[in-house]
Amino acid sequence: MWKVFGPKAERVPADPELAALTPAELRERTGCTAAVRDVSFDVRKGEVFVVMGLSGSGKSTLVRCLTRLIEPTSGSLAIDGEDVLAMDRTRLRALRRHRAAMVFQHFGLLPHRSVLDNVAYGLEIQGMSRAERREKAAEVVVKVGLEGLEDRKPGQLSGGQQQRVGLARALAVDPQVLLFDEPFSALDPLIRREMQEEVIRLHHEEHRTMVFITHDLNEALRLGDRIALMRDGRVVQLGTPEEIVGSPADAYVRDFVRDVPREQVITVGTAMRDPEPGDHDSGPALGPSATVSEAIEAVARSGDPAARVMDRGRLLGVVDREGLLGVVAGTASGPDTGTASGPDTGTASGPDTASASGAASGEAAALR
Ligand SMILES: Nc1ncnc2c1ncn2[C@@H]1O[C@H](COP(=O)(O)OP(=O)(O)OP(=O)(O)O)[C@@H](O)[C@H]1O
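Note that the structure is predicted; figures quoted are calculated from it, not measured.

### A word on helix α8 (residues 159-172)
Between its first and last C-alpha atoms α8 spans 20 Å; for 14 residues at 1.5 Å apiece the expected length is 20 Å, and the two agree. With twelve of 14 residues buried, α8 is to be regarded as a mostly interior element. Buried within α8 are the following residues: G160, Q162, Q163, R164, V165, G166, L167, A168, R169, A170, L171 and A172. Check the buried side of α8 and you find it contacts β6 (100-103), α6 (115-126), α7 (130-143), β7 (177-181) and α9 (189-206). Where α8 ends, the next residue or the one after it, D174, has phi of about 55°, a positive value.

### Digging into the pairing of β6
Neither face of β6 is open: one carries A100 and M102, the other A101 and V103, and all of them are buried. Pairing of β6 with β7 involves four bridges; the strand directions are parallel. Counterpart to V103 in the pairing with β7 is F180.

### Some details on the site of the ligand
Taken together, F5, T33, A35, L54, S55, G56, S57, G58, K59, S60, T61 and E182 make up all the residues around the ligand. At a separation of 2.8 Å, an oxygen atom of the ligand approaches a polar backbone atom of G56. Measuring from an oxygen atom of the ligand, one finds a side-chain N or O atom of K59 at 2.8 Å. Protein burial of the ligand: of its 630 Å² of free accessible surface, 57% is covered by the chains. Looking at the shell around the ligand, the elements with two or more residues in it are β2 (33-36) and α4 (59-66). Split into classes, the residues belonging to the shell around the ligand amount to three nonpolar, seven polar and two charged.

### Considerations on the side chain of T30
Mapped onto the elements, T30 comes out in helix α3 (residues 23-30). At a separation of 2.6 Å, a polar atom in the side chain of T30 contacts the main-chain carbonyl oxygen of L26. Not counting residues within four places of it along the chain, the set of residues in contact with T30 comprises P7, R11 and L18.

### Some points on the packing of aromatic side chains
Across all of its chains, the model carries four aromatic pairs by this definition. Judged by centre distance (4.8 Å) and plane angle (10°), the rings of F41 and F49 are stacked. Looking at F49, the relative accessible area reads 0%, which means it is buried. Through successive ring pairs, a cluster of aromatic residues spans F180, F184 and F212.

### Considerations on the pattern of salt bridges
The final tally for this structure, using the stated rule, is 25 salt bridges. Of the charged contacts, one joins D320 and R273 as a salt bridge, the two residues approaching to 2.9 Å between their closest N and O atoms. Taken as a pair, D320 in strand β13 (residues 314-320) and R273 in the loop between α13 (268-271) and β11 (285-286) lie far apart in primary sequence, 47 residues in all. What makes R273 partly exposed here is its relative accessible area of 25%. Overlapping salt bridges, with partners in common, bring together R164, E194, E198, R201 and E205 in one network.

### Focus: the packing of α6 against α7
Direction vectors running N to C along α6 and α7 enclose 120°, while the axes themselves pass 8 Å from each other. One finds that α6 runs oblique with respect to α7. Note on packing geometry: the crossing formed by α6 with α7 is right-handed. When α6 is examined against α7, the residues V115, L116, D117, V119, A120, L123 and E124 are found in contact with a partner set consisting of R133, R134, K136, A137, A138, V140 and V141. When its residues are assigned to classes, the contact of α6 with α7 shows nine nonpolar, no polar and five charged.

### Describing the domain arrangement of the chain
According to the domain assignment, the chain consists of domain 1 (39-110 + 176-259) and domain 2 (263-329). At the junction of the two partners, domain 1 supplies five residues and domain 2 supplies four residues. Where domain 1 abuts domain 2, roughly 340 Å² becomes buried across the two surfaces, and 69% of that area is made up of carbon and sulfur atoms. Run the count over domain 1 and domain 2 and you get zero salt bridges. Across the contact surface, domain 1 and domain 2 share two residue pairs in polar contact (both at pLDDT 80 or more).

### Some points on the pairing of strand β8 (residues 209-214)
In summary, the side chains of a regular strand alternate between the two faces of the sheet. Here β8 lies mainly inside the structure; six of its six residues are buried. Alternating residues of β8 divide into T209, V211 and I213 and M210, F212 and T214, and every residue in both groups is buried. Two strands pair when backbone bridges link them, and strand β3 (residues 48-53) and β8 are joined in this way by five bridges, in the parallel orientation. Note that in β8 the partner of V51 across the bridge is I213. Note: β7 against β8, five bridges, orientation parallel.

Calculation criteria
Residues numbered from 1 in each chain as written. Predicted model: local features only at pLDDT ≥ 70, side-chain atom pairs only at ≥ 80, totals over all residues. Heavy atoms only, no water. Helix = DSSP H or I, 4+ residues; strand = E, 2+ residues; numbered from the N terminus. Expected span 1.5 Å × (residues − 1). Buried < 20%, exposed > 50% of the residue type's maximum accessible area, 1.4 Å probe, protein only. Contact = heavy atoms within 4.5 Å. Pairing = 2+ DSSP bridges. Near = heavy atom within 4 Å. Polar contact = N/O pair within 3.5 Å; in protein donor to acceptor, adjacent residues only side chain to side chain. Areas by Shrake-Rupley, 256 points an atom, 1.4 Å probe, with all protein chains shown as cover. Nonpolar A, V, L, I, M, F, W, Y, C, P; charged D, E, K, R; others polar. Phe/Tyr/Trp six-rings, centres within 6.5 Å; stacked < 30°, edge-to-face > 60°. Salt bridge = Lys/Arg side-chain N within 4 Å of Asp/Glu carboxyl O. Axes fitted to C-alpha atoms, helices over the stretch in contact; angles between N-to-C directions. Parallel < 35°, antiparallel > 145°, perpendicular 65-115°, else oblique. Left-handed = near helix turned anticlockwise from the far one by under 90°. Domains from an automatic or database assignment. Buried area = accessible area lost by both parts, 1.4 Å probe.

Here's what the structure looks like:
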């Protein structure tokens with residue numbers, strides 16, 4: 001998909017010479033800005049897919065293109081196999097009302113309506129009867145922790161509470177996909193953390209598919225099953241938090257993740273070495289998805305020289321003190337080039353497969 005703003009935007013993706021220009025050259029030659037450049041990815045059912053990047057990298061434009069709030073310049077787009085670009089206005093409206101609900105940074109609440117009526121708003125637009133929608137809204141209000149505040153007006157709520165109303169309103173329509181556009185960036189850090197935990201909880205309880213925009217790396221790492229890191233309209237790396245932190249695709253990504261405590265993101269499944277004779281009967285046991293940080297704590301507590309990485313009773317590998325220190329020091333390799341011979345330590349990662357245009361073979365083509 002491409003989204004180009006400016007005069008005769010369609011010629012940019014169609015012309016390889018224009019498409020190859022840097023953003024500054026493109027602006028100079030054509031007066032156009034390519035906000036989304038040749039981006040391709042799929043969002044899997046039930047995952048939290050994070051779109052991360054600095055201001056101006058194209059995140060909002062990309063996510064607005066997903067429901068055609070912004071019309072893509074070229075490319076293709078499908079939800080559940082259905083061609084979104086072919087939808088007429090009626091079907092598009094149905095998509096936005098029923099299937100893909102958006103939660104915005106500035107809440108977008110109706111100031112003169114109560115919490116309950118704000119939450120019920122999406123259902124009202126759908127044409128649901130008053131009694132039915134209020135009943136449904138009341139259920140969702142409880143789900144997001146706003147019980148007792150149903151009759152308040154948005155102005156009588158804190159920022160965090162207002163965002164819960166925004167979240168409840170989106171959830172009330174029971175959408176297939178929730179799209180979050182920097183929903184928590186106006187909240188103070190503690191409330192923000194609380195809301196992130198709320199999203200994680202809802203995700204675990206409901207397995208709802210979520211696309212989440214943020215410019216905050218910690219938020220991306222905390223929430224994302226996979227992260228698409230954008231720069232100048234391109235996706236420079238797409239991978240799990242562990243792949244992005246452990247195997248940055250280029251110098252830009254490396255710089256971006258430089259200050260992340262690796263031991264909190266890298267798993268023992270990646271950091272482990274092959275078992276050696278004698279490893280079997282000593283050391284604490286951990287699952288392959290435990291973090292290095294958890295392994296350090298386990299080893300420190302037990303006093304053993306190493307921890308065993310076990311999966312359903314089978315010994316997969318061993319993480320010893322040296323290996324654990326290597327992760328903390330940044331001298332150990334990341335998921336794709338890991339010294340460990342562990343089974344399946346990562347899917348699409350590393351410089352080749354995670355590159356911008358979505359050539360990654362593992363990424364299917366919901367958006368192309
Ligand atoms: N309507 C528009 N007309 C022209 N250029 C636009 C328009 N909307 C966005 N852009 C440009 O497209 C690029 C991407 O903008 P976008 O808002 O998608 O970035 P972002 O990553 O969401 O940034 P932020 O985090 O600041 O919201 C920017 O260079 C922006 O100036």
